[in-house]
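Take a look at the letters that make up each chain.
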Amino acid sequence: MGDISKQPGHLQPAPESFLTEAEVQAIAAGRRSFLRKSFLAAGAAMVAPMAARATEAGDPEILNLPTWSTTLGKPVATNPYGIPSQYESQLLRRESPGLTRVGGASVSFCPLQGLFGIITPSGLHFERHHQGWQDVDPARHRLMINGSDPAFLKSPKVYTMDQLMRLPSVSRIHFIECGANTGLEWGNVAVPTVQYTHGMLSCSEFTGVPLKLLLEDCGVDYKKARYVLAEGADGSSMTRTIPMEMVENGEVFVAYGMNGEMLRPENGYPLRLVVPGVQGVSWVKWLRRIEVGDKPYATKDEAVHYIDLLPSGLHRQYTSVQECKSVITTPSGGQRLLEKGFYNVSGLAWSGRGRIKQVDVSFDGGINWKTARIEGPVQNKALTRFNINWVWDGKPAILQSRAIDETGYVQPSYGQLREVRGTKSIYHNNAIQSWKIVESGEVSNVQVL
Ligand SMILES: Nc1nc2c(c(=O)[nH]1)N[C@H]1C(S)=C(S)[C@@H](COP(=O)(O)O)O[C@H]1N2
Ligand SMILES: [Mo]
């Protein structure tokens, strides 16, 4: 777990309570007229002074030859399986200091602050295990497909991995987000870094066989079988119901590949379910059985867990889709801006309902918004990278991003979300994230209502 103050980009845990509209206005005062002028000037000119200064001072790193230019390099395959540079050794998935580990049941968070583009390196993909992870022997792993009634599925089958891997495959890029991502922030708790606020989120290219194809191979009767139950081979007896419409449209698949190689054991090797747009818990790992039925199964992981208490006293149950959400990953909580001037502000946006249409960014806590550049091609139910130019004038600022998906849904503020959901939830927090920057350049997590 380690001391978070020793992690790069984790300088100061600086939790703060909610800011009122008036406080945001006060912080933003004096910034608005500046923003209008500086955006026109923002560009290459702001970068030039930094480069010039290094050469004027006679920077030894440009004047002297380093050892790597004057010695023999290491031979190929010194690392038969490549590993990151020693200088990147602190970019790791980490357990939250605030969460307890029970046996193998815990979470490790993805270091979003250090990643680029949209693909999560496989070794940094977040982990969530309800009963630890196993390195399952693929030669002994089986996928059984059956019906809760013989009328639902004509010929139940048991597939080996070899049999599955001979079938027609698809490769698709999708995000996976735990329903509890950003869950600690429902109440008045601001965890320090984006790794801990949003790091139960990753995005990979998955390869596998559409579940539709397998069900049809087993002679499913779509008129009768309207639900699918997915079951994992680990000790947690992870079981989740998935409505048949999600399978029939071809989006759900059983995956063995992740980012060009077999799944990592922590992520379900040798087989996991991919349920695009749906909360992580339904992406059953070490997938060993699919049953089709005519009604939801109300398993422990959907009837007792994964429910949220609403202000009315009612429970929100059988939740599934991850609503449109975004977060600025650089700069983000715990980092420090070294000096005034130009910055490429960068972040991620995603929606369980399809593609991202637009991302707006505010530098003054939500008073003014500017549309960010979106890196294409924008993919269905995948992370989408956005960037925007910013010139920091050295004064306090509050950075926010607000995503809009192709259905027209706009990511809500904390005020808007709490109006509907209250403060007693754990799951499905997709509120706008705010990062406050103070004169010293330090960035901290604040909540703007
Ligand atoms: N068999 C099994 N599948 C599982 C889990 C589990 O504990 N056992 N955890 C679920 C939860 S809650 C999440 S968020 C995702 C996490 O996937 P990852 O560990 O690959 O990030 O897997 C889901 N699938
Ligand atoms: Mo999860």
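Refer to the structure presented above.
All chains use their own residue numbering, which begins from 1 and follows the written sequence. Naming scheme: in the order in which they are written, chains are lettered from A and ligands are numbered from 1. The model is predicted, so local features are restricted to residues of pLDDT at least 70 and side-chain atom pairs to those at 80 or more, both for listing and for counting; the totals for chains, interfaces and linings are taken over all residues. The side-chain figures draw on all heavy atoms in the structure; neither hydrogens nor water molecules are used.

A short note on the overall build of the protein chain
Stated formally: We count a stretch as a helix when DSSP gives it H or I for four or more residues in a row; a strand needs E for two or more, and each element gets its number in order from the N terminus. Working definition: with a 1.4 Å probe on protein chains only, accessible area under 20% of the residue-type maximum means buried, over 50% means exposed, and in between means partly exposed. For every accessible area listed, the method is Shrake-Rupley and the probe measures 1.4 Å; residues are considered covered only by the protein chains on display.
When helices and strands are counted, the protein chain shows 11 helices and 23 strands. Within the protein chain, the proportion of its 449 residues that are buried is 50%. Carbon and sulfur atoms make up 56% of the accessible area of the protein chain, which totals about 20,500 Å².

Description of empty space enclosed by the protein
What counts is decided by this rule: Cavity means a closed set of points on a 1 Å grid over the protein atoms alone, one where a 1.4 Å probe fits but cannot get out, pocket means an open set with protein on both sides within 12 Å along at least 5 of 7 lines, and lining means a residue has an atom within 4 Å of a point. Grid points are joined across faces, edges and corners, and a volume is the space filled by probe spheres set on the points. Side-chain classes are defined by residue name, with Ala, Val, Leu, Ile, Met, Phe, Trp, Tyr, Cys and Pro counting as nonpolar, Asp, Glu, Lys and Arg as charged, and the others, Gly among them, as polar.
A complete count under the given rule lists two cavities of 30 Å³ or more for this structure. Together, 22 residues line the largest cavity, and Arg128, Arg272, Gly280, Trp283 and Lys285 are the ones closest to its centre. It is strand S2 (residues 127-129) that provides the largest number of residues to the lining of the largest cavity, a total of three residues. For the lining of the largest cavity, the class distribution of residues is nine nonpolar, eight polar and five charged. Its boundaries defined by the atoms lining it, the second largest cavity holds a volume of some 40 Å³. Lining of the second largest cavity is provided by Leu112, Leu115, Gly117, Ile118, Ile119, Thr120, Leu201, Ser202, Leu348, Leu383 and Arg385. Class assignment for the residues of the lining of the second largest cavity results in seven nonpolar, three polar and one charged.

Quick word on the site of ligand 1
So the rule is basically this: If a single non-hydrogen atom of a residue is within 4 Å of a molecule or strand, that residue counts as near it. For this analysis, a polar contact is any N or O atom pair within 3.5 Å, provided that within protein one partner can donate a hydrogen and the other can accept it, and provided that sequence-adjacent residues contribute only side-chain to side-chain pairs.
With respect to spatial proximity, 22 residues lie near ligand 1, and among them Phe126, His130, Asp234, Arg272 and Lys285 are the closest. A distance of 2.8 Å separates an oxygen atom of ligand 1 from a polar atom in the side chain of Asn267. Note that a nitrogen atom of ligand 1 is positioned 3.2 Å from one of the backbone N or O atoms of Trp283. When ligand 1 sits alone it has 530 Å² of accessible area, and the protein chains cover 100% of it. Here the shell around ligand 1 gets three residues from one element, more than from any other, and that element is S2. Of the residues assigned to the shell around ligand 1, the class counts are nine nonpolar, seven polar and six charged.

Examining the nonpolar core
Rule in force here: Residues grouped as a nonpolar core are buried Ala, Val, Leu, Ile, Met, Phe, Trp, Tyr and Cys residues, joined through side-chain atoms within 4.5 Å. Where a domain begins and ends is set by an automatic assignment or by a domain database. Any two residues having at least one pair of non-hydrogen atoms within 4.5 Å are treated as being in contact.
The biggest cluster of nonpolar side chains holds 88 residues, and the ones touching the most others in it are Leu143, Leu211, Leu215, Leu273, Ile290 and Trp390. Counting only domains with at least three residues in this core, you end up with domain 1 (4-9 + 19-25 + 321-446) and domain 2 (122-316). Ignoring any residue separated from it by four or fewer positions in sequence, one finds Ile290 in contact with Leu143, Met144, Ile145, Asn146, Leu211, Leu215, Val228, Leu229, Ala230 and Leu273.

Some thoughts on the pattern of salt bridges
Just so we agree on the cut-off: In what follows, salt bridge is the name for a side-chain nitrogen of Lys or Arg lying within 4 Å of a carboxyl oxygen of Asp or Glu.
Under the criterion given, the structure shown has 19 salt bridges. In this structure, the salt-bridge partner of Glu216 is Lys212, at a minimum N-O distance of 3.5 Å. With Glu216 and Lys212 both in helix H8 (residues 211-217), this residue pair falls four residues apart, about one helical turn. With a relative accessible area of 40%, Glu216 lands in the partly exposed category. Of the charged contacts, one joins Glu291 and Arg289 as a salt bridge, the two residues approaching to 2.7 Å between their closest N and O atoms. A single network of salt bridges, built from pairs that share partners, joins Glu231, Arg288, Arg289 and Glu291.

Describing the sheet that holds strand S22 (residues 434-437)
We count it as follows: One bridge is not enough; two strands pair if DSSP finds at least two bridges between them.
Read across the open sheet, the five strands follow the order S18-S17-S21-S22-S23; overall the sheet is antiparallel. The two strands at the open ends of the sheet, each matched to only one other strand, are strand S18 (370-371) and strand S23 (443-446). Note that strand S21 (residues 397-405) and S22 share four bridges and pair antiparallel. For Gln400, the partnering residue across the bridge sits in S22 and is Ser434.

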